[in-house]
Amino acid sequence: MSDFQPCPECESDSAERVKFTWWGGLLGPKLFTHVKCGECGTTYNGKTGKSNNVAIALYLIIPGVIAFVAAFLFVLKGQN
Ligand SMILES: [Zn+2]
């Protein structure tokens, strides 16, 4: 009945796509097939049926790392 994997917590089949999240805006949940269980509210990857927490962490950390490296290079350049 659902296009998505059952909920990893309660095995309910009533997941719905999450359109917007605090961590990924509009794009993040699309990238990771982020869905929310209609029964218990657990959010997970609708494609794999597993938690998206690792993907979310990377999604949050990677832009920070890139910004840090860019700032570091900028500082190095300024010293020459
Ligand atoms: Zn559930």
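Residues numbered from 1 in each chain as written. Predicted model: local features only at pLDDT ≥ 70, side-chain atom pairs only at ≥ 80, totals over all residues. Heavy atoms only, no water.

Its place among the elements puts glycine 46 in the loop between β3 (43–45) and α2 (53–79). Residues contacting glycine 46, with those up to four places away along its chain left out, are Phe4, Gln5, Thr33 and Val35. (Helix = DSSP H or I, 4+ residues; strand = E, 2+ residues; numbered from the N terminus. Contact = heavy atoms within 4.5 Å.)

Distances from the zinc ion to its protein donors, namely Cys7 (SG), Cys10 (SG), Cys37 (SG) and Cys40 (SG), fall within the range 2.3 Å. One can describe the donor arrangement at the zinc ion as tetrahedral, given that its 4 donor atoms subtend angles of 106 to 114° at the metal. Exposure remark for cysteine 7: the relative accessible area of 2% places this residue in the buried category. The class for cysteine 37 is buried, based on a relative accessible area of 4%. (Donors = N, O, S within 2.8 Å, 3.2 Å for Na, K, Ca; no water. Tetrahedral: all angles 85-135°; square planar, octahedral: opposite > 155°, others 65-115°. Buried < 20%, exposed > 50% of the residue type's maximum accessible area, 1.4 Å probe, protein only.)

For the rest of this paragraph, the subject is the side chain of histidine 34. Turning to its location among the elements, histidine 34 is positioned in strand β2 (residues 34–36). We classify histidine 34 as buried; its relative accessible area is 3%. Engagement of the side chain of histidine 34 in a polar contact is seen with the side chain of asparagine 52, the distance being 2.9 Å. Setting aside its immediate chain neighbours within four residues, histidine 34 contacts Arg17, Val18, Thr21, Trp23, Pro29, Thr43, Tyr44, Asn52 and Ile56. (Polar contact = N/O pair within 3.5 Å; in protein donor to acceptor, adjacent residues only side chain to side chain.)

Within the secondary structure layout, proline 8 lies in the segment before β1 (16–17). Proline 8 sits in the partly exposed class, given a relative accessible area of 42%. Residues proline 8 and leucine 60, spaced 52 residues apart in sequence, show a C-alpha to C-alpha distance of 23 Å. Non-local contacts of proline 8, meaning those with residues more than four positions away in its chain, are made with Thr42, Tyr44 and Gly49.

Honestly, it's all geometry; don't read function into it.
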